[in-house]
2 protein chains.
Amino acid sequence: MEFWETVEPKYKDIVLKYLINKDERILYQGQKLSRKLIEHHIAPEEIISLHKSIMMEESASADQILDSFDVLLEVMMAYGIAYREHQSLRTQQK
Amino acid sequence: MEFWETVEPKYKDIVLKYLINKDERILYQGQKLSRKLIEHHIAPEEIISLHKSIMMEESASADQILDSFDVLLEVMMAYGIAYREHQSLRTQQK
């Protein structure tokens, strides 16, 4: 099974659980998943696209979509860290 | 003026223009802005956070928030490219 096929249900599960119960522990699951996404070279825009699809499928309300941004933020923070590593790597090479 | 203070109104302007007129040329403005964001070391999660704030301020509807994801996608693509550069740089160093 392709890694991406396992990401879709996992990410969806995290987002939907978070909408039911805004618990930090669920965000922590998002953080753990995001490390795997980066390991598997999943691009950040793929997560944005997946997030939008989930919100559409679920016919989420505006408030739910806004709440779901917390999960997106958590995941993008991991990309931010990877990106800052990139910058420091480039600085070292100069 | 701090760079970030100039980003907020520019990004907001692009998002709101896009919601009025879903035009590719507005997405292209987003693409240009995202290059500057990366040059100025703005983290991707800062954009997610800004995007959420704009949607809240504007009391956007669910449909509007979903449409606005196109801008977020465009901007995150630039981060994705920067991130892939990071990966290829790392591979070269191994």
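Refer to the structure above for everything that follows.
Everything in this summary refers to the structure shown in the same document. (Residues numbered from 1 in each chain as written. Chains lettered and ligands numbered in written order. Predicted model: local features only at pLDDT ≥ 70, side-chain atom pairs only at ≥ 80, totals over all residues. Heavy atoms only, no water.)

**A few points about the overall build of chain A**
Stage number 1. Secondary structure summary: chain A contains 4 helices and 0 strands in total.
Stage number 2. Put simply, chain A runs from its N terminus to its C terminus through helices and strands in the order α-α-α-α.
Stage number 3. Dimensions along the principal axes, computed over C-alpha positions, put chain A at roughly 50 × 30 × 20 Å.
Stage number 4. With 94 residues in all, chain A has 48% of them scored as buried.
Stage number 5. Of the contacts made within chain A by residues no fewer than 6 positions apart, 79% connect residues no fewer than 24 positions apart.
Stage number 6. Total accessible area computed for chain A in this model is approximately 5100 Å², and 50% of it derives from carbon and sulfur atoms.
Stage number 7. Both charge centroids of chain A, one from 12 positive and one from 16 negative side chains, sit 5 Å from each other. (Helix = DSSP H or I, 4+ residues; strand = E, 2+ residues; numbered from the N terminus. Buried < 20%, exposed > 50% of the residue type's maximum accessible area, 1.4 Å probe, protein only. Contact = heavy atoms within 4.5 Å. Areas by Shrake-Rupley, 256 points an atom, 1.4 Å probe, with all protein chains shown as cover. Lys, Arg positive; Asp, Glu negative; His and termini not counted. Charge placed at Lys NZ, Arg CZ, Asp CG, Glu CD.)

**Looking at the environment of A:Lys52**
Stage number 1. Mapped onto the elements of the fold, A:Lys52 is located in helix 3 (residues 44-57).
Stage number 2. C-alpha separation for the pair A:Lys52 and A:Gly80, spaced 28 residues apart in sequence, amounts to 20 Å.
Stage number 3. Residues contacting A:Lys52, with those up to four places away along its chain left out, are B:Leu66, B:Phe69 and B:Asp70.

**Regarding the nonpolar core**
Stage number 1. Ranked by size, the top nonpolar core spans 62 residues in total, and within it A:Tyr11 and B:Tyr11 carry the most contacts.
Stage number 2. At the level of elements, helix 1 (3-20), helix 2 (24-39), helix 3 and helix 4 (62-93) of chain A together with helix 1 (3-20), helix 2 (24-39), helix 3 (44-57) and helix 4 (62-93) of chain B are the ones that each hand at least two residues to this core.
Stage number 3. Other than its neighbours up to four places away in sequence, A:Tyr11 contacts A:Leu33, A:Ile47, A:Leu50, A:His51, A:Ile54, A:Val71, A:Leu72 and A:Val75. (Core = buried A, V, L, I, M, F, W, Y, C linked by side-chain atoms within 4.5 Å.)

**Looking at the relation of the copies chain B and chain A**
A rotation about an axis combined with a shift along that same axis relates the two copies of the chain.
Stage number 1. Overlay of chain B on chain A (RMSD 0.0 Å): rotation 180°, translation along the axis 0.0 Å. Such a combination of rotation and displacement between the chain copies is what one expects of a two-fold axis. Proximity to the rotation axis, assessed at the C-alpha, singles out B:Ala62 in chain B; its C-alpha lies 2.1 Å from the axis.
Stage number 2. Most of the interface of chain B is mirrored in chain A, where 100% of its interface residues are also at the interface. (Least-squares fit on C-alpha atoms with pLDDT ≥ 70 in both.)

**Digging into empty space enclosed by the protein**
Stage number 1. Summed over all chains, the structure comprises 1 cavity of 30 Å³ or more.
Stage number 2. Considering only enclosed or pocket space, the largest cavity measures out at about 30 Å³ in volume.
Stage number 3. In terms of lining, the largest cavity is formed by A:Pro44, A:Tyr79, A:Tyr83, B:Pro44, B:Tyr79 and B:Tyr83.
Stage number 4. If you list the elements that add at least two residues to the lining of the largest cavity, you get helix 4 of chain A together with helix 4 of chain B.
Stage number 5. Here the residues of the lining of the largest cavity sort into 6 nonpolar, no polar and no charged. (1 Å grid on protein atoms, 1.4 Å probe; cavity = no way out; pocket = protein on both sides within 12 Å on 5 of 7 lines; lining within 4 Å. Points joined across faces, edges and corners; volume = space filled by probe spheres on them. Nonpolar A, V, L, I, M, F, W, Y, C, P; charged D, E, K, R; others polar.)

**Comments concerning the pattern of salt bridges**
Residue and element names in this part refer to chain A.
Stage number 1. Under the criterion given, the structure shown has 14 salt bridges over all chains.
Stage number 2. A salt bridge links glutamate 57 to lysine 12; the shortest N-O distance between them is 2.6 Å. Here the residue glutamate 57 occupies a position in helix 3, and lysine 12 occupies one in helix 1, the gap between them amounting to 45 residues.
Stage number 3. With relative accessibility at 52%, the residue glutamate 57 sits in the exposed group.
Stage number 4. Of the residues examined, lysine 12 reaches a relative accessible area of 25% and is grouped as partly exposed. (Salt bridge = Lys/Arg side-chain N within 4 Å of Asp/Glu carboxyl O.)

**Topic: the packing of helix 1 of chain A against helix 3 of chain A**
All names here are of chain A.
Stage number 1. Contact pair helix 1 / helix 3: the axes reach a minimum separation of 10 Å and the direction vectors enclose 55°. Judged on the interaxial angle alone, helix 3 and helix 1 are oblique. In the packing of helix 1 onto helix 3, the handedness of the crossing is right-handed. From helix 1, Trp4, Val7, Glu8, Tyr11, Lys12, Val15, Leu16 and Leu19 reach across to helix 3, where they touch Glu46, Ile47, Leu50, His51, Ile54, Met55 and Glu57.
Stage number 2. Considered class by class, the residues forming the contact of helix 1 with helix 3 number 10 nonpolar, 1 polar and 4 charged. (Axes fitted to C-alpha atoms, helices over the stretch in contact; angles between N-to-C directions. Parallel < 35°, antiparallel > 145°, perpendicular 65-115°, else oblique. Left-handed = near helix turned anticlockwise from the far one by under 90°.)

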